[in-house]
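Descriptive structure summary
Read off the chains here:
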Amino acid sequence: MRPGAVNDSIRSLSVSLRPIKTDDAATIGEFLHRHLNRSVTPQDWTKLIHTPWKVDAPNHGFQLTNGDAIVGAYLAVYSVRGGEAGPVRVCNLAAFCVLKEFRMHGLRLARALLAQQDYVFTDLSPSGNVVGLNERLGLRRLDTSTRLVANLPSTPRRGIRVSGDPEVIARVLRHGDSDVYRDHRAAAAARHIVAEHAGGYAYLVFRRDRRKGLPLFASPLYVGGDPAVLEAAWPSVTSHILLAHHLPATLAERRILGFTPRRGFELRSPRPKMTRGGRLAATDIDYLYSELALVEW
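Figured I'd write up the structure that's included with this text. (Residues numbered from 1 in each chain as written. Predicted model: local features only at pLDDT ≥ 70, side-chain atom pairs only at ≥ 80, totals over all residues. Heavy atoms only, no water.)

This part takes up the side chain of Thr144. The topology assignment puts Thr144 in the loop between β6 (140-141) and β7 (146-150). When neighbours within four sequence positions are excluded, Thr144 is seen to be in contact with Glu253, Pro270, Arg271, Lys273 and Tyr287. (Helix = DSSP H or I, 4+ residues; strand = E, 2+ residues; numbered from the N terminus. Contact = heavy atoms within 4.5 Å.)

This is how it looks when you write it as structure tokens:
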């Protein structure tokens, strides 16, 4: 046995699992900043705990501790969403990080979250080994077929209006879309656009995304209103994204948009997104109320 191995084994046996509470926000934010992604500040990580919408959450995920030290954390973001059979409670698996010497305990975090009853679970940014772990735990992949399209400047089209003005957005949106905007207008990563055409509207929420380290891509998170309006206004919408947000390309995911833009090329390996629980149809699962709306990286 290598020197120190006995002490390592003793430390490993003393790992405790407990829920993440609101009072843990600062220490969890610092842990994720140091060990998961240093480009995200500790304060920004805490936005996964201090969400801008109200929800009756049983916890904010689970953490592993060794003595007084945090050695692992799996943050969760909770919401109540609408399904065909009525309101559905959703637990979104967000940031997952375990120190190397305690990786054998990482499964305890995932199982603690997934053991919670009466939730639909989503994981919208799994990476590396997490995808395989999720599959072993019963999560399935969503269809994330995506076309990369250029955002080109476009002359205004007659009868189509596109705006990112908060006053215009608040005036145009109706019903559930108004609730979405209220819940996400202060979400750090969410960008909002409305398009109006022929008496109808479409509402697009997207985030700035990175590929190969370049923050040049718009990734749609949600489409409200009438997707046909969005499709009709698509050249004007992408022009707005280019000129107002300085993003030259959109990762146009078919399942979210409700249509496929004509130009562009299909990604061979779009990033996976996963779910477990049958009370939300795949068409009802968007990327709101999650780390994708709350945290920029």
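One non-glycine residue, Asp118, lies in positive phi territory at about 65 degrees. Inspection of the secondary structure assignment puts Asp118 in the loop between α4 (106-114) and β5 (120-123). Judged by its relative accessible area of 52%, Asp118 is exposed. You will see that His246, though not glycine, has its phi angle at about 60 degrees, which is positive. As for its placement among the helices and strands, His246 is situated in the loop between α9 (234-245) and β12 (249-253). A relative accessible area of 59% means that His246 is categorised as exposed. (Buried < 20%, exposed > 50% of the residue type's maximum accessible area, 1.4 Å probe, protein only.)

The next thing to look at is the pattern of salt bridges. Tallying each qualifying case throughout the model produces 15 salt bridges. Note that Glu253 and Arg255 form a salt bridge whose closest N and O atoms lie 3.6 Å from each other. In terms of burial, Glu253 and Arg255 fall into one category: buried. Members of the salt-bridge network, linked through shared partners, are Arg147, Arg254 and Glu266. (Salt bridge = Lys/Arg side-chain N within 4 Å of Asp/Glu carboxyl O.)

The strand order across the open sheet built from seven strands is β8-β9-β10-β11-β12-β7-β13, with neighbouring strands paired in mixed fashion. On the outer flanks of this sheet lie β8 (160-163) and β13 (265-266), each paired with one strand and no other. With seven bridges joining them, strand β9 (residues 191-197) and strand β10 (residues 200-211) adopt antiparallel strand pairing. Bridge pairing in β10 places Val194 opposite Tyr203. (Pairing = 2+ DSSP bridges.)

These values are about where atoms sit, not about what they do.
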